[in-house]
Amino acid sequence: MKAKIVASRENIISDIDRRIYGSFVEHLGRAVYNGIYEPTHKSADDMGFRGDVLELVKELNVPIVRYPGGNFVSGYNWEDGIGDKKNRPRKLDLAWLTTETNEMGIDEFQEWARRAGSEVMLAVNLGTRGPDEARCCIEYCNSETDTYYANLRRKNGFEKPFGIKLWCLGNEMDGEWQICHKTAEEYARTATETAKVLKWVDPSIELVACGSSDPNMPTFGSWERTVLEATYDYIDYLSLHCYYGNRDNDTANFLSRAEDMDRFIKTTRDICDEIKAKRGSEREINLSFDEYNVWYRTKDEEKTMERWQIAPHLLEEEFNFEDALLVGCMLMTLQNNADRVKIACLAQLVNVIAPIMTENDGASWKQTIFYPYMYASIYGNGAALKQEIQCDTYKSKEGWDIPYLYTSVIDNKEKREITIFAVNRSLNEDMELEIKLDGYDNLKLKEHVNLYCDDLKAKNTRDNEKISPKNCKINHSSPVFLKKHSWNMLRFKY
Ligand code: AHR
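Residues numbered from 1 in each chain as written. Predicted model: local features only at pLDDT ≥ 70, side-chain atom pairs only at ≥ 80, totals over all residues. Heavy atoms only, no water.

### What to know about the overall build of the protein chain
- Secondary structure summary: the protein chain contains ten helices and 25 strands in total.
- Taken over the C-alpha trace, the protein chain has a radius of gyration of 22 Å; the compact-globule value for 494 residues is 23 Å, and the two agree within 12%.
- If you line up the protein chain on its principal axes, its C-alpha atoms span 70 × 60 × 45 Å.
- As presented, the protein chain carries roughly 19100 Å² of accessible surface, and 46% of it is formed by carbon and sulfur atoms. (Helix = DSSP H or I, 4+ residues; strand = E, 2+ residues; numbered from the N terminus. Rg over C-alpha atoms; globule rule 2.2 N^0.38 Å. Areas by Shrake-Rupley, 256 points an atom, 1.4 Å probe, with all protein chains shown as cover.)

Set out below in C-alpha cells:
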C-alpha cells in the first residue's frame, strides 16, 4: 500500500504544551502502596519511595501528575494524609471498596513528584466536601501567610509552600458511580464557589472544571453548557475523560477510536466556543484531557473482590501490542489538537491501568504502552503541523472513513528537528510512505524507530519484554516503509 503525508513549515496547528504528556496517580489498588511507595523495598529511598519506579517514571519524562484521584478524591479528607504518620487514620474508601491507610498524602506526594521531576495537578473533593475544605487545602499547600493551615504545613516540616499551580474541581461529577454525584446545576454551583475561594487564596493558580466522563454519557453536551455558563469567568480548562476497549476483538475498529477521541475533543471545543460567543467573552477555555487510556479487561473488578483490603491487585490491566498502537494514536490525537488541548494525563502511571508494573517486594517492568508514551514525551515537543494524508481508507463501525495511516508531524525549531509519529493501521499490508515537508532545507532522516510484533495480542511480562522499540535501517535512496500494524517514529534533521 502507498501513502503520502504533506505538511508545511507555514501551516502550524500550535506549539505543544508539554503538559499533554502528563499522567495520573490515584489512591487505588497498588498505584500508591507497592507502586510508588514501598518502604521495605530494596530500592526504597529515605521517604520509602521505590527507586526502581522513580527511575522508570523519569525515563517517561512526565511533566505533571494528577493526584489523588479519580473517584477516590470524592470521598477523601486531605487532612488525613498530613503530619505524623502514626496519627493518621485508617478509613474506608467507598470509591474502590478498600481500606486507605493514609501513609501517603499530599506531604509525601508533592515530594515524590519533585523527585520524579514532575509537577502536581491536585484534585479537590467536591463529592462529600466542598469549598470550605478546598480553601483550607490550598492555604496549606500554597500560602506563605502566618495563618493556621500555612503554619500547620510548617509544623509538619515544610517551611516553603508546595506551590501547586494546577487544581481540579472534583472528578467525574457527571457519573452516577461518583461518591455524591451531582446534577450539572448542582456541580456548576459548587464548582463556581470553590473556584472563587481557591483563586482568592492564590490568584496564580489555574483551574480545571469537570466536563464529561465519556463521550457516550447521556448528559454530554448539556453538562458542558450548564457548567461553562456558571464557571466560565473562573476556570481555565474543561476536562474530558475517555477509555477504549477491544471487547469484540475487532482490531481495525479499535484502532479507529483515535478518531472518536478527536471528535470528542472537537465537539467539546465547539461547546466552549459557543458559550464564549454567547457570553461575548474575550477568554478562551482550553481543554484538559485528564484521563485517557485503553481499559476494559479489568472494569468493575472492585464489585466482586473481597472488600476493605489494603492495596489489593485492582485494575491491573495487562496491555498487549494492539493497545500500544491505539495509545500511540491517542497521543497523536492530542498533539494534533495542541491548539486547545493543553493538559492530558495517561491514566494511570503505576500498576493501575499503567505503563509501569511492579511486584510487591520485587521487580518492575515496562508494559507495551510505555514506549509510545515515552517517545511522545521525549520527542513530541515543538509546533504541531497540519497534515494532508493521502492514503486508502477502511470503514469504522459508525461508517466513518478511516485512513490506514495515522500521523502527527512536529517541528522542534530549537533542535532543528522534525519528528513524525505514524501508525500503519493496516492489519495485512506494509506501507510505502512518501513524505513531503515544505519549507525545510536539507532534511535528512536520522532515526526510524518502530514497535512491531506479528502477534497483536503479545504482552510484556516481568521476564520477557516482547514489545520493545527497534531501530530500522535508514536507506536515503529508498522510500520509508511502515510495517503492517506498526507504530513508528521518524526523526529528521534540517
Ligand atoms: O482511572 C480509573 C478511574 O476511571 C478513575 O478513578 C475515574 O476518574 C475514572 O472513572
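### Quick look at the site of the ligand
- Taken together, Phe24, Glu26, Gly70, Asn71, Trp96, Asn171, Glu172, Tyr243, Glu291, Trp295, Gln348 and Ile353 make up the full set of residues adjacent to the ligand.
- Within the side chain of Tyr243, an N or O atom sits 2.8 Å from an oxygen atom of the ligand.
- Taking Gln348, its side chain carries an N or O atom lying 3.0 Å from an oxygen atom of the ligand.
- Contact with the protein chains removes 95% of the 280 Å² of surface that the ligand exposes when unbound.
- Among the residues making up the shell around the ligand, the classes are represented as five nonpolar, four polar and three charged. (Near = heavy atom within 4 Å. Polar contact = N/O pair within 3.5 Å; in protein donor to acceptor, adjacent residues only side chain to side chain. Nonpolar A, V, L, I, M, F, W, Y, C, P; charged D, E, K, R; others polar.)

### Focus on the packing of helix 1 (residues 51–60) against helix 2 (residues 106–116)
- Contact pair helix 1 / helix 2: the axes reach a minimum separation of 9 Å and the direction vectors enclose 60°. Relative to helix 2, the element helix 1 is oriented oblique. On helix 2, the residues touching Leu54, Val57 and Lys58 of helix 1 are Trp112, Arg115 and Ala116.
- The class makeup of the residues in the contact of helix 1 with helix 2 is four nonpolar, no polar and two charged. (Axes fitted to C-alpha atoms, helices over the stretch in contact; angles between N-to-C directions. Parallel < 35°, antiparallel > 145°, perpendicular 65-115°, else oblique. Contact = heavy atoms within 4.5 Å.)

### Here's the deal with helix 9 (residues 321–336)
- Its 16 residues place the ends of helix 9 23 Å apart at the C-alpha level, agreeing with the 22 Å of an ideal helix rising 1.5 Å per residue.
- A large share of helix 9 lies buried, amounting to 16 of its 16 residues.
- Between the side-chain oxygen at the start of helix 9 and the backbone nitrogen of Glu322 there is a gap of 3.2 Å, and the oxygen is on Asn320. (Expected span 1.5 Å × (residues − 1). Buried < 20%, exposed > 50% of the residue type's maximum accessible area, 1.4 Å probe, protein only.)

### Focus: the sheet that holds strand 2 (residues 12–15)
- In spatial order, the strands read 2-15-19-20-25-22-23; together these seven strands make up an open sheet with antiparallel pairing. At either end of the open sheet lies a strand with only one pairing partner, and these are strand 2 and strand 23 (470–471).
- Across three bridges, the pairing between strand 15 (residues 383–385) and strand 19 (residues 405–412) is antiparallel. In the sheet register, Leu385 faces strand 19, and the bridge partner there is Val409.
- Across the sheet, helix 9 is in contact with strand 2, strand 15, strand 19, strand 20 (417–424), strand 22 (444–451) and strand 25 (486–493); its angle to strand 19 comes to roughly 50°. (Pairing = 2+ DSSP bridges.)

### Some thoughts on the packing of helix 5 (residues 184–201) against helix 6 (residues 222–231)
- The interhelical angle for the contact between helix 5 and helix 6, taken along N-to-C directions, is 30°, at an axis separation of 9 Å. As judged from the angle between their axes, helix 5 and helix 6 are roughly parallel. Considering the relative orientation of helix 5 and helix 6, their crossing is right-handed. Between helix 5 and helix 6, the residues in contact are Ala184, Glu185, Tyr187, Ala188, Ala191 and Thr192 and Trp223, Thr226, Val227, Ala230 and Thr231, respectively.
- The residue makeup of the contact of helix 5 with helix 6, split by class, is seven nonpolar, three polar and one charged. (Left-handed = near helix turned anticlockwise from the far one by under 90°.)

### Let's talk about the environment of Pro469
- Within the secondary structure layout, Pro469 lies in the loop between strand 22 and strand 23.
- As for Pro469 and Thr368, which are separated by 101 residues in sequence, their C-alpha atoms are 9.9 Å apart.
- The residues touching Pro469, leaving out its near neighbours within four places in the chain, are Tyr371, Tyr375, Val449, Asn450 and Leu451.

### Considerations on the pairing of strand 21 (residues 431–438)
- Bridge count for strand 1 (residues 2–8) against strand 21 is seven bridges, and the pairing is parallel. In the strand pairing of strand 21, Lys4 is matched with Glu434.
- Pairing geometry for strand 21 and strand 24 (residues 480–482), over three bridges, is antiparallel. Bridging across to strand 24, Met431 finds its partner in Leu482.

### Observations regarding the domain arrangement of the protein chain
- When its domains are assigned, the protein chain resolves into domain 1 (2–10 + 384–493) and domain 2 (17–379).
- Between the C-alpha centres of domain 1 and domain 2 there is a distance of 30 Å.
- Facing the 41 residues of domain 1 at the interface are 39 residues of domain 2.
- Roughly 3500 Å² is buried in total at the junction of domain 1 and domain 2, and carbon and sulfur atoms are behind 62% of that figure.
- Its largest share of buried area at the contact with domain 2, domain 1 owes to Trp400, Tyr406 and Arg462, together 19% of the area lost on that side.
- Summed over the shared surface of domain 1 and domain 2, the result is six salt bridges.
- For the salt bridge of Lys457 with Glu322, the shortest nitrogen-to-oxygen distance reads 2.9 Å.
- For the interface between domain 1 and domain 2, the tally reads 18 residue pairs in polar contact (both at pLDDT 80 or more). (Domains from an automatic or database assignment. Buried area = accessible area lost by both parts, 1.4 Å probe. Salt bridge = Lys/Arg side-chain N within 4 Å of Asp/Glu carboxyl O.)

### Brief notes about the nonpolar core
- The biggest cluster of nonpolar side chains holds 168 residues, and the ones touching the most others in it are Trp112, Trp167 and Phe289.
- With ten residues, helix 9 is the largest single contributor of residues to this core.
- Trp112 has contacts with Ile36, Phe49, Leu54, Val57, Val65 and Leu349, leaving out every residue within four places of it along the chain. (Core = buried A, V, L, I, M, F, W, Y, C linked by side-chain atoms within 4.5 Å.)

### What to know about the sheet that holds strand 7 (residues 119–124)
- What the eight strands build is a closed barrel, ordered 3-4-7-8-9-10-11-12; its pairing is parallel. With strand direction ignored, the average angle separating the axes of adjacent strands in the sheet is 30°.
- Running over the sheet, helix 9 touches strand 10 (237–244), strand 11 (286–294) and strand 12 (341–347) and is turned about 175° from strand 11.

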